[in-house]
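# Structural overview for review
Here is how the chains run, residue by residue.
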Amino acid sequence: MLVIEGIPLFLVEMWIGQKFRAGCIGGFYKIHKALSGIGFATWMIGFYTNLYYNAIVMYTIYYFFASLQKTLPWAADCPELVDAMDYPRNCCTTNTKASYYWYYEVLDISPDISTAGSFNWDITLCLLAAWVTCFLCMVKGIKTSGKVVYVTAVFPFIALFGLFIMGMTLEGSMEGVKYFFDPTYRFAADMNKNETLQSNWRHLYNPYCWLEAAAQIFYSLSLGFGSCIAFSSYNPPKTNFYKQALGISVVNSVTSLIAGVTIFAIVGSNAYKNNVSIDDLSTGPGLAFIAVSEAIASTPAAQLWSALFFIMLFMLGIDSQFAGIEGMMTALDDTTLVPKKIPRPVVIALFCAFSFLFGLPFAMQNGQYLVDLFDNFSANFPLMMVAFFE
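One structure accompanies this document, and this report is about it. (Residues numbered from 1 in each chain as written. Predicted model: local features only at pLDDT ≥ 70, side-chain atom pairs only at ≥ 80, totals over all residues. Heavy atoms only, no water.)

## Points about helix α13 (residues 302-333)
Between its terminal C-alpha atoms α13 stretches 46 Å, which fits the 46 Å expected from 32 residues at 1.5 Å a residue. The element α13 is extensively covered by neighbouring structure, given that 25 of its 32 residues are classed as buried. (Helix = DSSP H or I, 4+ residues; strand = E, 2+ residues; numbered from the N terminus. Expected span 1.5 Å × (residues − 1). Buried < 20%, exposed > 50% of the residue type's maximum accessible area, 1.4 Å probe, protein only.)

## Some thoughts on the side chain of S355
Along the chain, the position of S355 falls in helix α14 (residues 344-358). The buried category is assigned to S355, whose relative accessible area is 1%. Within the structure, S355 has its side chain in polar contact with the backbone oxygen of F351 (distance 2.8 Å). (Polar contact = N/O pair within 3.5 Å; in protein donor to acceptor, adjacent residues only side chain to side chain.)

## Quick notes on the environment of N235
With respect to the helices and strands, the residue N235 is situated in the loop between α10 (227-232) and α11 (241-274). Of the residues examined, N235 reaches a relative accessible area of 14% and is grouped as buried. Separated by 217 residues in the primary sequence, N235 and Q18 place their C-alpha atoms 5.9 Å from one another. Not counting residues up to four positions away in its chain, the partners in contact with N235 are M14, Q18, R21 and Q244. (Contact = heavy atoms within 4.5 Å.)

## Section: the packing of helix α5 (residues 121-138) against α13
The contact between α5 and α13 brings their axes to 10 Å, and the two run at 60 degrees. Viewed along their axes, α5 and α13 adopt a mutual orientation that is oblique. For the crossing formed where α5 meets α13, the hand is right-handed. Contacts from A130, W131, T133, C134, C137 and M138 of α5 reach α13 at F314, I318, Q321, F322, I325 and E326. Here the residues of the contact of α5 with α13 are counted per class, giving nine nonpolar, two polar and one charged. (Axes fitted to C-alpha atoms, helices over the stretch in contact; angles between N-to-C directions. Parallel < 35°, antiparallel > 145°, perpendicular 65-115°, else oblique. Left-handed = near helix turned anticlockwise from the far one by under 90°. Nonpolar A, V, L, I, M, F, W, Y, C, P; charged D, E, K, R; others polar.)

## Here we look at the environment of S220
Tracing the chain through its elements places S220 in helix α9 (residues 207-221). Separated by 36 residues in the primary sequence, S220 and S256 place their C-alpha atoms 8.3 Å from one another. Within polar-contact distance, the side chain of S220 engages the backbone oxygen of I217 at 3.1 Å.

## Side note on the pattern of salt bridges
Throughout the structure, instances matching the rule amount to two salt bridges. Its salt-bridge partner being R344, residue E326 comes within 3.2 Å of it at the nearest N-O pair. Taken as a pair, E326 in helix α13 and R344 in helix α14 lie far apart in primary sequence, 18 residues in all. You can call E326 buried: its relative accessible area is 0%. (Salt bridge = Lys/Arg side-chain N within 4 Å of Asp/Glu carboxyl O.)

Here you go:
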């Protein structure tokens with residue numbers, strides 16, 4: 001996927017930005033007026049993605065402060081008494097401690113998406129903090145965000161290196177690493193199952209697997225969101241963007257492999273200790289907030305590693321937000337939708353305020369269902385369509 005679509009589209013987007021000195025809307029318009037729709041579609045994808053991405057950032061803020069407690073709250077015993085009038089909360093008889101904490105303490109999740117419930121005010125404050133951070137770091141455009149990135153881009157590498165060492169020293173970590181690289185590898189818990197075991201190679205016949213792989217490349221290289229076009233528009237006209245694109249793609253892929261090994265080492269250790277399969281552990285946001293947090297809770301100096309892990313996720317998320325917002329702001333500069341007389345800081349403030357209000361449903365009791373809905377349908381397939389026309 002990286003070679004077939006990632007690098008070629010990365011080159012295309014960098015060329016558009018550097019050649020036409022414009023964002024996604026203006027860049028495609030300057031190629032041909034009929035192509036401006038690609039730019040608007042790219043802008044909308046970036047907008048929807050930024051909305052739910054900051055919802056994930058708000059969870060990392062919540063967990064970071066929770067990590068500063070004397071005892072990690074998801075490592076504590078589950079409460080034994082529940083309200084008989086409430087929807088079932090079986091404490092830890094049907095949930096792990098980390099799972100119970102995520103669903104019923106953090107999210108206070110409703111039984112289904114149609115039951116909105118009430119606002120979770122702690123989560124709402126974290127969402128507000130996420131958008132305020134975005135505004136403060138973007139208030140002067142690329143001048144401030146460029147300086148902030150020195151911290152938010154470098155620190156995650158330091159944190160990832162520390163987590164990699166910690167993960168590889170855990171008991172059973174190699175089980176997770178083998179599972180990560182070998183589709184035919186099975187945990188001992190898998191061997192105890194009565195059903196016929198099939199190789200994970202079968203997933204290659206599933207189109208959804210390829211859709212997820214393609215989406216991962218798009219997310220990791222910021223393709224189809226307009227940010228790559230926006231940042232390359234600031235390049236000097238004679239910059240060798242071929243060299244930049246290849247260098248970034250290689251560094252990005254190596255980093256993704258190291259991150260994958262780190263996460264699977266930690267999760268594999270947890271699966272090994274509990275004699276369960278990785279397939280039985282949570283996926284999606286639950287992977288970070290349930291499976292990984294549960295594994296970290298059993299390590300020495302758990303509070304330190306937990307705080308390090310979630311501040312790393314926070315900075316990675318904020319970095320993505322910088323790129324997305326800059327892509328949208330640069331694209332708006334190319335249109336007449338926003339009057340030129342309005343100062344850019346005011347435009348960014350209004351955008352962040354509007355996005356916060358638009359994202360408030362994510363902080364309600366059914367918010368996690370909405371996050372999953374946006375994650376599955378707001379970007380993956382639309383990104384494929386934008387890539388096709390690009």
